[in-house]
Amino acid sequence: MGGVARRATYFMEHEADSPTLRVGGGFEFMHKAGPVPEPASLSALAKALNFMKYDLGLLAEAETDALRDAGIGLDGAWHSAEDHPFTTVVLPSGKRIGFLRYPELRGDDEVPSSALLKKVRFQVREHRSKVDLLIGMSDWGWIGEREYLAGSSDDMPHILLGSGRGSGVNGRLNNAGNCIWVRPYDKGRTVSEIRVSALPGPNPDFKWNNLDTVSVKAVGLRDNIADNPEVSAILP
């Protein structure tokens, strides 16, 4: 379960003065190609993530099925794209942050089909003009997300939070300049910290021309961060 207990410590010790959202990606509970964990392991991890009070989370469909079959509940932050594709968070300032959960790839596909791309682009176009920052949440893996971002479409979220198989990405700007790609590094031993000082706003032509307004940092959960004792007591 990687650095889950250290992650809890980091969250509690790094409260920011500005509004902060805790967001979890797909495959927190299992590897895409791996076996379904035992119910006891699923239950322990669910309790740990509930303890950390995430604002938003993406569940892969296999995770949703495994949790349901084991009779394990999560708090209201965690949903699959099928169950709850879009969420809006309103900040104290009144600014609106939109989170779009992407439908997952079918079967053994490593890249999105043309039909799936069409669906996602329509959803992005529909929501991007209604919020001040649109964040896409994908579990397509490094290969699928790279192919998606290499496309010529302008219908991209402002930030894409990736997950699934493949390497981490520490804030890569796509060729069109309208989307920043972020993926955590493997085994839960990093936290991706994204700071946005000026939101894009509902401007369909927005580009990240001024990268002084956004920064991405991969925080390593190393031995200098202690395990949170309450989370350690939950995990097997």
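Scroll up for the structure.
Residues numbered from 1 in each chain as written. Predicted model: local features only at pLDDT ≥ 70, side-chain atom pairs only at ≥ 80, totals over all residues. Heavy atoms only, no water.

## Considering the nonpolar core
Moving on, step 1. One finds V4, Y10, F29, L49, M52, Y54 and V231 to be the most contacted residues of the largest nonpolar core, which totals 26 residues.
Moving on, step 2. Of all the secondary structure elements, the ones that give two or more residues to this core are α1 (4-13), α2 (39-51) and α3 (61-69).
Moving on, step 3. It is α2 that provides the largest number of residues to this core, a total of six residues.
Moving on, step 4. Once residues within four sequence positions are removed from consideration, V231 is found in contact with V4, A5, A8, A48 and F51.
Moving on, step 5. Counting 17 residues, the second largest nonpolar core, distinct from the first, contains V120, V131, W140 and L149. (Core = buried A, V, L, I, M, F, W, Y, C linked by side-chain atoms within 4.5 Å. Buried < 20%, exposed > 50% of the residue type's maximum accessible area, 1.4 Å probe, protein only. Helix = DSSP H or I, 4+ residues; strand = E, 2+ residues; numbered from the N terminus. Contact = heavy atoms within 4.5 Å.)

## Notes on α3
Moving on, step 1. For α3, every residue scored as buried is listed here: E63, T64, A66 and L67. When α3 is viewed along its axis, its buried side chains cluster within an angular range of 165° and face the same direction. Residues of α3 that are exposed and angled more than 90 degrees away from the buried face: R68 and D69.
Moving on, step 2. Contact partners of the buried residues in α3: α2, β2 (56-59) and β3 (78-80).
Moving on, step 3. At the C-terminal side of α3, G71 shows a positive phi close to 70°. (Arc of directions from axis to C-beta.)

## So, the packing of aromatic side chains
In this description, a pair of aromatic rings is defined by centroid distance and the angle of the planes.
Moving on, step 1. Enumeration over the complete set of coordinates arrives at seven aromatic pairs.
Moving on, step 2. Ring geometry for F206 versus W208: centroids 4.9 Å apart, planes at 85°, classification edge-to-face. The two residues F206 and W208 agree in class, both being buried.
Moving on, step 3. Chaining the aromatic ring pairs together yields one cluster made of F11, Y54 and W78. (Phe/Tyr/Trp six-rings, centres within 6.5 Å; stacked < 30°, edge-to-face > 60°.)

## Things to note about the layout of surface pockets
Moving on, step 1. Quantified by volume, the second largest pocket comes out at close to 250 Å³.
Moving on, step 2. Lining the second largest pocket are 22 residues, and of these E61, P103, E104, R106 and L116 lie nearest its centre.
Moving on, step 3. Among the elements of the structure, β2 and α4 (114-128) are those that each provide at least two residues to the lining of the second largest pocket.
Moving on, step 4. With three residues, α4 is the largest single contributor of residues to the lining of the second largest pocket.
Moving on, step 5. Looking at the lining of the second largest pocket residue by residue, the classes come out as eleven nonpolar, three polar and eight charged. (1 Å grid on protein atoms, 1.4 Å probe; cavity = no way out; pocket = protein on both sides within 12 Å on 5 of 7 lines; lining within 4 Å. Points joined across faces, edges and corners; volume = space filled by probe spheres on them. Nonpolar A, V, L, I, M, F, W, Y, C, P; charged D, E, K, R; others polar.)

## Brief notes about the sheet that holds strand β1 (residues 23-24)
Moving on, step 1. Spatially, β1-β2-β3 is the arrangement adopted by the three strands of the open sheet, whose pairing is parallel. The open sheet terminates on both sides in strands that have one partner only, identified here as β1 and β3.
Moving on, step 2. Summarising the sheet, β1 and β2 pair through two bridges and their orientation is parallel. Bridge pairing links G24 to G57 in β2.
Moving on, step 3. Sheet strands in contact with α3 are β2 and β3, and its direction is about 95° off that of β2. (Pairing = 2+ DSSP bridges. Axes fitted to C-alpha atoms, helices over the stretch in contact; angles between N-to-C directions.)

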